[in-house]
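As a plain string of letters, each chain reads:
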Amino acid sequence: MPRIPPTARKGLLTLHLVTSLGWLGTDLVLLTLGIAVQRGADPAAVYPVTALVGTVLFAPLSVLVWLIGVASALLTPWGLLRYRWVLVKLVLTTVMVGLVLFLLTPNLRHAGALGAALPTRDRADLVIAPAVSTILMIIATVLSTYKPWGRRPAARPTTRASRDRATSTP
Ligand code: HEM
C-alpha cells in the first residue's frame, strides 16, 4: 500500500478523530434519549428524534468511521493486520457497523413510527444497545491511545534491521 506524506497523514488522522469520536458522541445522545423515556419523558416526542439521529447521523457515521479507519491503517505504517490493537479495533468496528445497519437502525425507525405504542421490552433495547456500543467505542479509544500488545507474530519482521525498526512507533 502507498504511504502518504506527513501533512496528508495528519489530515487523515484529524478526519478519523472527528468521525470516530463524533460517532461516540452520537451514541451518547442515543443513550440519553433512551434513558429519558425510561425516566418518564414522552416517547411520542422522544422516539421520532431518536429515529432521526439514528438514521441521519449515527448510521452514516458508522460507515464513514469504518472507511476512514481502514484508510488510516492502510495508508500509514501501522497497516491493517500488523498490530493487534489495530486488528482488534477493526473487528470491533466491523461488528458494530453490522449491528448498527442491520439491527439498531431498523429498530430505531420502528420506535420512531410507533412512539408511545412501542412495547416496554423494545424500549429497554433502546437503552441497552447504545450502552453496549458506547462501552465498545470507549474500548476502541483506549486501544488507540495506549496501543497495547505490539505486533502480530506473522507480521513480525525477521531480519535484524527490520526488527530494530519494528520496535519504534510508526
Ligand atoms: C475500522 C476501524 C478502525 C481502524 C482500522 C482504525 C485504525 C487506526 C489507526 C491505524 C490509527 C493511527 C493513525 C495514525 O497514526 O496516523 C488510529 C488512530 C486513532 N483511532 Fe482508530 N481505527 C478504527 C476505528 C476507531 C474507533 C471506532 C475509534 C473510537 C471510537 C478510534 C479512535 C482512534 C483514536 C482516538 C486515534 C488516535 C490515536 C493517536 O494518535 O495516538 N478508531 N486508528
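Per an unreviewed UniProt entry, the protein goes by DUF2269 domain-containing protein and derives from Micromonospora parathelypteridis.

Participant: Mind showing me how you'd approach the overall build of the protein here?
Facilitator: The number of helices and strands found in the protein is five helices and zero strands. Counting from the amino terminus, the protein carries its helices and strands in the arrangement α-α-α-α-α. Counting only C-alpha atoms and orienting by the principal axes, one finds that the protein spans roughly 65 × 30 × 20 Å. Taken over 170 residues, the protein has a buried fraction of 24%. Sequence-distant contacts, at least 24 apart, represent 82% of the contacts inside the protein between residues at least 6 apart.

Participant: Even after reading the chapter, I still don't get the site of the ligand, so can you show me in this structure?
Facilitator: Neighbouring the ligand are 25 residues; S20, G69, W78, T93 and S144 lie closest to it. Only helix 1 (6-38), helix 2 (43-74), helix 3 (84-114) and helix 4 (120-146) provide two or more residues apiece to the shell around the ligand. Per-element tally for the shell around the ligand: the top contributor is helix 1, with eight residues. Looking at the shell around the ligand residue by residue, the classes come out as 14 nonpolar, nine polar and two charged.

Participant: I'm lost on the environment of A41 in this one. Help?
Facilitator: Looking at where A41 falls in the secondary structure, it is placed in the loop between helix 1 and helix 2. If sequence neighbours within four positions are ignored, A41 has contacts with A36 and V46.

Calculation notes
Residues numbered from 1 in each chain as written. Predicted model: local features only at pLDDT ≥ 70, side-chain atom pairs only at ≥ 80, totals over all residues. Helix = DSSP H or I, 4+ residues; strand = E, 2+ residues; numbered from the N terminus. Buried ≥ 20, exposed ≤ 12 C-beta atoms within 10 Å, placed from the backbone. Contact = placed C-beta atoms within 7 Å. Near = placed C-beta within 6 Å. Nonpolar A, V, L, I, M, F, W, Y, C, P; charged D, E, K, R; others polar.

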